[in-house]
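Understanding the architecture of this molecule
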Protein chains: 2
Amino acid sequence: MTPLKLTYFDFSGGRGEPIRLALHLGGVPFEDHRFAPATFPEIRKTAPLGQVPIVHLGDTVVTQGDAILRYAGKLGGLYPQDAEQALYCDEVLSGLEDITIKISATFGLKGEDMRRAREALAAEVLPKYLRWLAGRLEGRGGAYFADQRLTIADLKALVILRWISSGSLDHIPTDIVASAAPSLKEYMDRIGSTPAIVQYYAARSGK
Amino acid sequence: MTPLKLTYFDFSGGRGEPIRLALHLGGVPFEDHRFAPATFPEIRKTAPLGQVPIVHLGDTVVTQGDAILRYAGKLGGLYPQDAEQALYCDEVLSGLEDITIKISATFGLKGEDMRRAREALAAEVLPKYLRWLAGRLEGRGGAYFADQRLTIADLKALVILRWISSGSLDHIPTDIVASAAPSLKEYMDRIGSTPAIVQYYAARSGK
């Protein structure tokens, strides 16, 4: 197999983390190249579109988080083979990416502008997406977003739901998932307690 | 097969058009539900996340353009089966979606704000993406973005490249593709002259 190297910030979130989880849970060997924020200006000089995550397949470098995540999911058996189930999986991935884009758009703001933008996210935009996700989950049986089993849609959902409830985003209340969509909070806790995921973070916590 | 119904604005662009092209070229029967802009407020009341395109698979309704496009590509044989080629196809789809998002972000602006935002797109952002696309094309052999054949990445590229060179976007020069990436202009013209695509638009022009 072509050697696989993933390059992303050294933290357990963002667009890189679901890829790491997918490769790890799928048993796919890869080089987990993590870098500190101070190194990013250097990294982005050679990264396509100046973005991360990127993946190297031998000498070929590829960008775009969801594209890489889907590839990782296929390699690790965490992506539906059935076209209709893959559609459901992809729909949720795109909805989660919308959430990321809307939050990221507030990163450059300061003071009152930041507060207003974040409060609008917390009051309307995020609850709309969270209720939509809860509805999708219910529509697929309540346990997983697609294929009646854990897929990359669940991994990305876990990373993003944890992020928005972490308290690290000013003006986004940590109970936002529970208040907007209680069933999604239960889902998030259940996916987060998947033994392979718990073990992964337990092993990482010493690093 | 489950009956397929695509709902989108009645024009030959945006996130719906590559799906129509993929279903048409792939010989997949579908109901092409087109609506006038004035009808959108009514449509969005029942559309998931208030967005289009949406697709109905029987009674199940699904949103997110690229997810639907990938599904259409699979049904019509215009999506790579090989995981690495699918990664290349998905990478380009996501890059094209970035372009759409960056242009869409200027739609609400007026006057000087609009001019400044569009000029920044024309001077820096779009040329960066266009050169990146040209580099990707070259890296895959120069003819197509993935799988050495026409895929949904080429269909979405055609729709977006035509859009940004159409003159319908104020302050974006119609020669932007040719000046930023001449090889991409040749590619766009070549993909646009694919007989099935020419025939499709010839047949539509009477409607």
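If you're wondering where the values come from, they're calculated on a predicted model, not measured in any experiment.

**Structural notes on the layout of surface pockets**
Where empty space is left can be seen by rolling a probe of water-molecule size over the atoms. Considered as a void within the structure, the second largest pocket measures approximately 360 Å³ in volume. Looking at the second largest pocket, it is lined by 14 residues, and the ones nearest its centre are K74(A), Q81(A), K74(B), P80(B) and Q81(B). Of the residues that constitute the lining of the second largest pocket, the class distribution is six nonpolar, five polar and three charged.

**Structural notes on the confidence of the model for chain A**
Should pLDDT be low for a region, the predicted coordinates there are not to be read in detail. Taken residue by residue, chain A gives an average pLDDT of 97. The fraction at 70 or more is 100%. Interface confidence in the predicted complex, given as ipTM, is 0.96; pTM for the same model is 0.97.

**What to know about the side chain of E17(B)**
All names here are of chain B. Counting through the fold element by element, E17 comes out in helix α1 (residues 17–25). What makes E17 buried here is its relative accessible area of 0%. At a separation of 2.4 Å, a polar atom in the side chain of E17 contacts the side chain of Y201. When neighbours within four sequence positions are excluded, E17 is seen to be in contact with Y8, F11, S12, R34, V159, Y200 and Y201.

**A look at the packing of aromatic side chains**
All names here are of chain A. Enumeration over the complete set of coordinates arrives at 16 aromatic pairs over all chains. Judged by centre distance (6.0 Å) and plane angle (5°), the ring pair of F35 and F40 falls under stacked. You'll find F35 and F40 in the same group, each marked buried. Between the aromatic rings of F145 and Y187, the centroid separation amounts to 5.1 Å while the plane-to-plane angle is 70°, which identifies the pairing as edge-to-face. On the criterion of sequence distance, the pair formed by F145 in the loop between α5 (111–139) and α6 (152–164) and Y187 in helix α8 (residues 182–192) is long-range, its members being 42 residues apart. Given the relative accessible area of 1%, Y187 is considered buried.

**Quick word on the interface of chain B and chain A**
Where the parts come together, the accessible area they lose is often given as the size of the interface. Counting residues at the interface gives 31 residues for chain B and 31 residues for chain A. Roughly 2600 Å² is buried in total at the junction of chain B and chain A, and carbon and sulfur atoms are behind 62% of that figure. Area buried by chain B at its contact with chain A is led by L49(B), Q64(B) and L87(B), which between them contribute 22% of it. Inspection of the chain B/chain A interface yields two salt bridges. For D90(B), the salt bridge goes to R70(A), with nearest N and O atoms at 2.8 Å. Along the contact surface separating chain B from chain A lie eight residue pairs in polar contact (both at pLDDT 80 or more). Those elements that place two or more of their residues in the side of chain B that touches chain A are β4 (60–62), α3 (65–75), α4 (83–104) and α5 (111–139) of chain B. Top contributing element to the side of chain B that touches chain A by residue count: α4(B), with 11 residues.

Cut-offs used in this document
- Residues numbered from 1 in each chain as written.
- Chains lettered and ligands numbered in written order.
- Predicted model: local features only at pLDDT ≥ 70, side-chain atom pairs only at ≥ 80, totals over all residues.
- Heavy atoms only, no water.
- 1 Å grid on protein atoms, 1.4 Å probe; cavity = no way out; pocket = protein on both sides within 12 Å on 5 of 7 lines; lining within 4 Å.
- Points joined across faces, edges and corners; volume = space filled by probe spheres on them.
- Nonpolar A, V, L, I, M, F, W, Y, C, P; charged D, E, K, R; others polar.
- pLDDT = per-residue confidence, 0-100.
- Helix = DSSP H or I, 4+ residues; strand = E, 2+ residues; numbered from the N terminus.
- Buried < 20%, exposed > 50% of the residue type's maximum accessible area, 1.4 Å probe, protein only.
- Polar contact = N/O pair within 3.5 Å; in protein donor to acceptor, adjacent residues only side chain to side chain.
- Contact = heavy atoms within 4.5 Å.
- Phe/Tyr/Trp six-rings, centres within 6.5 Å; stacked < 30°, edge-to-face > 60°.
- Buried area = accessible area lost by both parts, 1.4 Å probe.
- Salt bridge = Lys/Arg side-chain N within 4 Å of Asp/Glu carboxyl O.

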